[in-house]
Amino acid sequence: MTATVRVALLGHGIGSSLSPALHMEEAHRLGLDYEYRTVDLRDAPRADLGAQLSRLEEQGYVATNVTHPFKRSVLGHVDSLSPAVRRIGAANLVLLGRARGRRSRTAHNTDGTGFRGALERFLAGRPAGGRVVQVGAGGAGLATVSALVDMGFEQVVVHDVAPAAVAAVLDRFGPLAPGRLRGTGGSLEDWLPRADGVVHATPVGMVGHPGVALDVDRLAAGAWVAEVVYRPLETALVRRARARGLATLDGGAMAVGQAADSLRLITGLEPDLGRMRAHFARLVADDGAHDDGAHDDGAHDDSAHEGPTTGRVRPGEE
């Protein structure tokens, strides 16, 4: 009899997460008996995260995804960090287990790898290099900047309404990309016409945070736009960029990419990205048909920033 693979998701306000359905459908297609459940700790803001991980281990869970607000604090409750986690400073997956009779918890980050894979497929066939402007330097922004630096763009320019957030990104990744990483100096509008591509990494545009965080009309005709918000899949930013004829990558690509990378690490099997993307699109469409405005995971973190058409949205850190 095949053993059940038990996986969890830890976070605040995750009751409407699409992760369980996405994971379980693909795992079943891969021939696994796979159980994925959410553990919502929103009503327990001072929950003992270490004790929660121990409880999952005792119940036979082999892994847990981690989302807001635990992506950084979980690092204090693991035994080893993947190279990506050491670099980014946050985790969204912890593999649970024991090795030689001792507890063995390994933290991974598939946000960065999921985004990089999605962006590489999106840009295939287009000229390499160029200048990328990223809007947003919160939790999701750390993972996307890490990917952009690795992809070898000639220049990565980071903007955020919180100067300290930009400074933190430059401190963390600047030594890895000498001369290629810089901030906007607070003036996003001056950089947009000079961008070959733009990555949007704030929650502006998701359910509950309407609007756009940048002026699409200032982008050059050949620029591309990559979004991290995926609820809805077609945000106002994506819609405006497409109306201008710009190449666009919606946030579902990153969401599916990180889920696929998590599944691969958990099971050792190779997920079918195309199949997962089609399933994800159906999940989002069905979710939109029953939208009550109370969704919690439409972006890859809960860092929120200011967009020109939205007024001020509370900045936050994971």
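This text follows the structure it describes.
This section reports on the structure supplied with the text. Quantities reported herein were computed from a predicted structural model and do not represent experimental measurements.

Rules behind the numbers
Residues numbered from 1 in each chain as written. Predicted model: local features only at pLDDT ≥ 70, side-chain atom pairs only at ≥ 80, totals over all residues. Heavy atoms only, no water. Core = buried A, V, L, I, M, F, W, Y, C linked by side-chain atoms within 4.5 Å. Buried < 20%, exposed > 50% of the residue type's maximum accessible area, 1.4 Å probe, protein only. Helix = DSSP H or I, 4+ residues; strand = E, 2+ residues; numbered from the N terminus. Contact = heavy atoms within 4.5 Å. 1 Å grid on protein atoms, 1.4 Å probe; cavity = no way out; pocket = protein on both sides within 12 Å on 5 of 7 lines; lining within 4 Å. Points joined across faces, edges and corners; volume = space filled by probe spheres on them. Nonpolar A, V, L, I, M, F, W, Y, C, P; charged D, E, K, R; others polar. Axes fitted to C-alpha atoms, helices over the stretch in contact; angles between N-to-C directions. Parallel < 35°, antiparallel > 145°, perpendicular 65-115°, else oblique. Left-handed = near helix turned anticlockwise from the far one by under 90°.

Glancing now at the nonpolar core. Core analysis: the biggest nonpolar cluster contains 32 residues, and F115, L119, L148, F153, V158 and W224 have the highest contact counts within it. Contributing elements (two or more residues each) for this core: α4 (110–123), α5 (139–150), β10 (155–159), α6 (163–173), β13 (224–227) and α9 (252–267). Per-element accounting of this core gives the leading share, six residues, to α5. Beyond its immediate chain neighbours, meaning those up to four positions away, F153 contacts L119, L123, G129, G130, V132, L148, R180 and W224. Formed by 24 residues, the second largest nonpolar core is a distinct cluster that contains L233, V256, A260 and F280.

Attention now moves to empty space enclosed by the protein. Left-over empty space is what a probe sized like a water molecule reveals as it rolls over the atoms. According to the stated counting rule, one finds two cavities of 30 Å³ or more in the structure shown. Put simply, the largest cavity is a space of about 40 Å³. The wall of the largest cavity is formed by 10 residues, among which A90, N109, D111, G139 and A143 lie closest to the centre. The greatest single-element share of the lining of the largest cavity, amounting to four residues, is contributed by α5. Of the residues assigned to the lining of the largest cavity, the class counts are five nonpolar, two polar and three charged. What lines the second largest cavity is simply L22, E25, E26, R29, R275, M276 and H279. Looking at the lining of the second largest cavity, the elements with two or more residues in it are α1 (19–29) and α10 (273–289). Tallying contributions element by element places α1 first for the lining of the second largest cavity, with four residues. A breakdown of the residues in the lining of the second largest cavity according to their chemical character gives two nonpolar, one polar and four charged.

Relative to each other, α1 and α9 sit at 50°, their axes nearing to 11 Å. When the axis of α1 is compared with that of α9, the two are oblique. Here the hand of the crossing between α1 and α9 comes out right-handed. Judged by residue contacts, L22, H23, E26 and A27 of α1 engage A259, S262 and L263 from α9. The class makeup of the residues in the contact of α1 with α9 is four nonpolar, two polar and one charged.

Mapping G15 onto the fold places it in the loop between β1 (5–11) and α1. Residue class for G15 comes out exposed when judged on its relative accessible area of 63%.

Looking now at the environment of P203. Within the secondary structure, P203 is located in the loop between β12 (197–200) and β13. Taking relative accessible area as the criterion, P203 reaches 3% and is therefore assigned buried. Placed 26 residues apart in sequence, P203 and V229 show a C-alpha to C-alpha distance of 6.3 Å.

Attention now goes to unusual backbone geometry. What you tend to see is this: most non-glycine residues have negative phi, and most peptide bonds are trans. The peptide bond linking H68 to P69 adopts the cis configuration, its omega dihedral lying at 5°. Looking at the element boundaries, P69 is found in the loop between β3 (63–66) and β4 (80–81). Note the cis peptide between R231 and P232, where omega equals 10°. Positionally, P232 belongs in the loop between β13 and α8 (236–243).

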